[in-house]
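The chain contents come next:
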Amino acid sequence: MNEAHPQNHDHDETGPSRRSVLWTAGAAGAGLGLGALPAGRAAAATPGESVPGAPAAATAGTAAAPAARGRTMIGVPFERRSTVRVGIIGLGNRGGSMIDLFLAVPGVRVVALCDPVKEKTERAAKKVTDAGQPAPAVYTKGDHDYENLCKRGDLDFVYAATPWDRHFEMARTALRNGKHFGVECPLALRLDQLWELVDLSERTRRHCMQLENCCYGRNEMRVLRMAHAGLFGELLHGAGAYIHDLRGLMFDPAYYEGPWRRLWHTRLRGDLYPTHGFGPVANYMDVNRGDRVVRISSVGTPALGLAEYRKEHKPANDPSWKESYIESDRTISLVQTAKGRVIRLEHDVSTPHPYSRINSLGGTKGLFEDYPERIYLEPDQHDDEWGDFAKYAEWDHWLWKEHANPPGGHGGMDYMMVFRLMQCMRLGLVPDFDIYDAATWSAPVPLSDASIKAKGAPQEIPDFTRGLWKKARTGVDSEKPAE
């Protein structure tokens, strides 16, 4: 689950070293930096204050779309190929495990690997040869050796699993070198970066995708099919979240080296990780496929959790005592769509709480709520008693019917995502989601931060499709293709 920055903003002298923020990450993530936007670009409200170590805040402006610089990528299929040749950037916790799934999918060859930590690259390369594939090319010469990987002529797809603030420049480099690109969350950290990648995807005719694995969870895909079949009636509201107690991991130098993820809590106050909850609910509501999100309003609690954890678990000489945390322990955002529907997003990784993505959907005929899973649909349920969601297994997506026990982590949804993406590339199909989805799902990162600093004032969400959201089209709720 997922990183980037333009070259003229790729080092902040007051922040951590590039080494600590770039490559030492492993787990998926989303992050944020607000930067001044060029004229005509969508912008977020300025909080009127600066945060040490954070890029300058964006200035207030309109969410009007800039003029298109290329043709839309909506509905554009991949080029059909018998083998998908993959390059992987970032081989920490996330990238080092995702390589197993690429190797498990038929018709995929891992051609090149990149990480400045040589030992990580060596471990990953051994996995490739152990799988019976030729030894991959390796790129370990510094923070920018990924640029040489992207220049290779024998790659079709580049996947990045690096810390948050490097995704943009890696996406830009891959697209400019003619490669399709997929990245862990978020795609980019600023609205101008998101627009630049939209434009670049359209100009290069290459797909740039947010690889949101939660869209491929079994429950999420079942609810998606049920929603599209009308079982929930007219959709009214949904909710998604990333609520995961990461305090121990964020203070573990062996897990988040650097420690890159904890340091974002010294810089920003918004929803640092929105896509796990936002992506599935956006799919339920056909966002960018008949509806669109138009505005977001966010509030946040005080930032107390990390400081209290540090006080209880870290000695007085620990380097973390130099840090001042400002990120809200719980961020709550309300997103409204053009059709008037409401999506609630929450983020909390710094207080005690069982893991939850909330994952709820409500309509005129009932609702589903996850964690724990439960359902109430008329006329099946009545008398205010929840029903058994397991009884709706007939609505499972064909991917879950075909791969009942998929390999990999997160309950198998990682494998489902990789399998489906590679299938689309091999068969020359339109991807399940595209650059417009990636930009939309990542936009709450800067916009929630801006809204919190503006005392909850709504922030306009750009229409990255430039009006094409009004046309219905397929997405993750796909039909099984003929091989």
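The text that follows walks through the structure, step by step, so that each part is easy to find. No experiment lies behind these values; they were computed from the predicted model shown.

**Examining the sheet that holds strand S1 (residues 84-89)**
Part 1 of the argument: Across the sheet, which stays open at both edges, the 6 strands sit in the order S3-S2-S1-S4-S5-S6 with parallel pairing between neighbours. In this open sheet, the two strands that pair with only one neighbour each are strand S3 (137-139) and strand S6 (208-210). For this sheet the average axis-to-axis angle between neighbouring strands, irrespective of direction, equals 25°.

**So, the pattern of salt bridges**
Part 1 of the argument: For the structure on display, the rule yields 32 salt bridges.
Part 2 of the argument: Among the salt bridges present, the one from Asp414 reaches Arg94, with a minimum N-O distance of 3.0 Å. Here Asp414 is found in helix H13 (residues 413-427), whereas its partner Arg94 is found in helix H2 (residues 93-104), with 320 residues between them in sequence.
Part 3 of the argument: Among the residues examined, Asp414 registers a relative accessible area of 3% and is labelled buried.
Part 4 of the argument: In this structure, Asp432 engages Arg420 in a salt bridge whose closest nitrogen and oxygen atoms are separated by 3.1 Å. With Asp432 in the loop between H13 and helix H14 (435-442) and Arg420 in helix H13, this pair connects stretches of sequence that are 12 residues apart. Taken as a pair, Asp432 and Arg420 share a single burial class, namely buried.

**Points about the pairing of strand S13 (residues 374-377)**
Part 1 of the argument: In this sheet, S13 lies alongside strand S12 (residues 366-369) in antiparallel orientation, the contact comprising 4 bridges. Across the sheet, the residue bridging to Gly366 is Leu377, located in S13.
Part 2 of the argument: Connecting S12 to the next strand, S13, in antiparallel fashion are 4 residues, including Tyr371 with a positive phi near 60°.

**What about the nonpolar core?**
Part 1 of the argument: Of all hydrophobic cores here, the largest spans 103 residues; its most connected members are Phe102, Phe157, Tyr216, Phe232 and Met422.
Part 2 of the argument: Sort the elements by how many residues they give to this core and H13 lands first, with 10 residues.
Part 3 of the argument: Contact partners of Tyr216, with chain neighbours within four places excluded, come to Met221, Leu399, Trp400, Met413, Met416, Met417, Arg420, Asp432, Phe433 and Val476.
Part 4 of the argument: Leu189, Tyr242, Leu306 and Tyr325 belong to the second-largest nonpolar core, a separate cluster that totals 17 residues.

What counts and how
Residues numbered from 1 in each chain as written. Predicted model: local features only at pLDDT ≥ 70, side-chain atom pairs only at ≥ 80, totals over all residues. Heavy atoms only, no water. Pairing = 2+ DSSP bridges. Helix = DSSP H or I, 4+ residues; strand = E, 2+ residues; numbered from the N terminus. Axes fitted to C-alpha atoms, helices over the stretch in contact; angles between N-to-C directions. Salt bridge = Lys/Arg side-chain N within 4 Å of Asp/Glu carboxyl O. Buried < 20%, exposed > 50% of the residue type's maximum accessible area, 1.4 Å probe, protein only. Core = buried A, V, L, I, M, F, W, Y, C linked by side-chain atoms within 4.5 Å. Contact = heavy atoms within 4.5 Å.

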